[in-house]
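Listed below, chain by chain, are the residues.
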Amino acid sequence: MENVTKTLDAKGLACPMPVVRTKKAIEELSAGDVLEVVVTDRGSIADIPMWAKNTGHEYLELVEEGDVMKHYVRKGGEQASDKEESQLKTITNEEYLEIADKGQVTLIDVREPDEFTEGHAPGAKNIPLGQVEQRADEIPAEGDVYIMCRSGGRAGMACDTLETLGRKNLIRVAPGMGDWDGPVES
């Protein structure tokens, strides 16, 4: 892609680090500048576009070259960074396990299907982050809905997306499956 202002090498990093580094790198740019983010984490295919959308930046394109993905993001105007994080409710893995032990819960795992298949919390439903908006009708509008990923980053982005659709019943579980010591299904 032409007109790249800066390239960020995030190869070898796993969620949430590609988004964390992208956020830091884009803060150093001016509105309208283009950031190229080079990654090997397949989760970034959903994470970076969703992050850009939720923070007021323009996601331009994805170019895949073998195991390497290049994302192109144009920095939004100065108001873009003001859209960052909502005040979403977050609980720990341990708190979630206590709640789940007491009865039926709704748990949505927003990791990619291959991550989900490798192991997930019992009863979790897989709706990858990139599909959350299109599949929002599969997520109950009533009762508490727990959202989980590997580290909490994608879960936060999923909650932000669902909040823009009017959902108020969301609880992020963090750190999530990356530090999970509860029962696992595959």
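Predicted model, so just to flag it, every value in this text is computed and none were measured.

Asker: Where do I start with the sheet that holds strand β9 (residues 170-173) in this structure?
Answerer: Strands belonging to one sheet form pairs held by backbone hydrogen bonds; the direction of such a pair is parallel or antiparallel. Reading across from one edge, β5-β9-β8-β6-β7 is the order of the 5 strands in this open sheet, with parallel pairing throughout. Because the sheet does not close on itself, it has two edges, and the strands there are β5 (89-91) and β7 (125-126). Taken together, the 2 bridges between strand β6 (residues 106-109) and β7 define a ladder with parallel strand orientation. Across the sheet, residue Asp 109 finds its bridge partner in β7, namely Asn 126. Of the strands in this sheet, β5, β6, β8 (145-148) and β9 touch helix α3 (residues 93-101), which is tilted by about 85 degrees from β5. Packing of helix α5 (residues 153-164) onto the sheet brings it into contact with β8 and β9, and relative to β9 it is tilted by some 170 degrees.

Asker: Explain the packing of helix α1 (residues 17-27) against helix α2 (residues 44-55) to me, please; I cannot follow it from the model alone.
Answerer: Look at α1 against α2: their axes get within 10 Å of each other, and the N-to-C directions meet at 40 degrees. Our classification of the angle between α1 and α2 gives oblique. Here α1 and α2 pass one another in a crossing that is right-handed. For the pair formed by α1 and α2, the contact residues are Val 19, Thr 22, Lys 23 and Ile 26 on the first element and Asp 47, Ile 48 and Trp 51 on the second.

Asker: Before we go on, may I ask you to explain the pattern of salt bridges in this structure?
Answerer: Where charged atoms from two side chains of opposite charge come close, those side chains can pair. Applying the stated criterion to the full structure yields 11 salt bridges. A salt bridge links Arg 154 to Asp 47; the shortest N-O distance between them is 3.6 Å. Note that Arg 154 is positioned in helix α5 and Asp 47 in helix α2, a separation of 107 residues in sequence. Residue Asp 47 is classed as buried on the basis of its relative accessible area, which comes to 3%. With a closest N to O distance of 3.3 Å, Glu 65 and Lys 70 form a salt bridge. Overall, Glu 65 belongs to the partly exposed group, its relative accessible area being 43%. One connected set of salt bridges, linked through shared partners, spans Asp 47, Glu 115 and Arg 154.

Asker: Which parts of the structure should I look at to understand a negative patch on the surface?
Answerer: A cluster of acidic side chains, namely Glu 94, Glu 95, Glu 98, Asp 101, Asp 179 and Asp 181, defines a negative patch on the protein surface. Mapped onto the elements, Asp 179 comes out in the segment after β9.

Asker: Which parts of the structure should I look at to understand unusual backbone geometry?
Answerer: Across the chain, the bulk of peptide bonds are trans and the bulk of non-glycine residues have phi less than zero. For the bond running from Cys 15 to Pro 16, omega is 10 degrees, close enough to zero to count as cis. Note that Pro 16 resides in the loop between β1 (6-10) and α1. With omega at 20 degrees, the peptide bond leading from Ala 174 into Pro 175 counts as cis. Among the secondary structure elements, Pro 175 is positioned in the segment after β9.

Calculation rules
Along each chain, residues carry numbers from 1 onward, in the same order as the chain's sequence is written. Where local features are concerned, this predicted model is filtered to residues with pLDDT of at least 70; where side-chain atom pairs are given and counted, the filter is 80 or more; whole-chain, interface and lining totals use all residues. Computation of side-chain values: all heavy atoms of the structure, hydrogens and water removed. By definition, two strands form a pair when at least two bridges between them are found by DSSP. Only DSSP runs of H or I covering at least 4 residues are called helices, and only runs of E covering at least 2 are called strands; the numbering of each starts at the N terminus. Two residues form a contact once any of their heavy atoms are found within 4.5 Å. Angles shown run from 0 to 180 degrees and are taken between the N-to-C directions of axes, each axis being a line fitted to C-alpha atoms and, for helices, limited to the stretch in contact. Roughly parallel covers angles under 35 degrees, roughly antiparallel covers those over 145, roughly perpendicular covers 65 to 115, and oblique covers all other angles. Left-handed describes a crossing in which the near helix is turned anticlockwise from the far one by less than a right angle; the clockwise case is right-handed. By salt bridge we mean one thing: a side-chain nitrogen of Lys or Arg within 4 Å of a carboxyl oxygen of Asp or Glu. Relative accessibility thresholds used throughout: buried, under 20% of the residue-type maximum; exposed, over 50%; partly exposed, between the two (1.4 Å probe, protein chains only). For patch building, the residue pool is restricted to those with more than 30% relative accessible area and no salt bridge; the joining distance is 9 Å between like charges and 5 Å between nonpolar side chains (Val, Leu, Ile, Met, Phe, Trp, Tyr). Accessible surface is estimated by sampling points in the Shrake-Rupley manner with a 1.4 Å probe; for residues, cover comes only from the protein chains shown. Charge assignment in this entry is limited to Lys and Arg as positive and Asp and Glu as negative, and neither His nor the chain termini are counted. The location of each charge is read from NZ of Lys, CZ of Arg, CG of Asp or CD of Glu.

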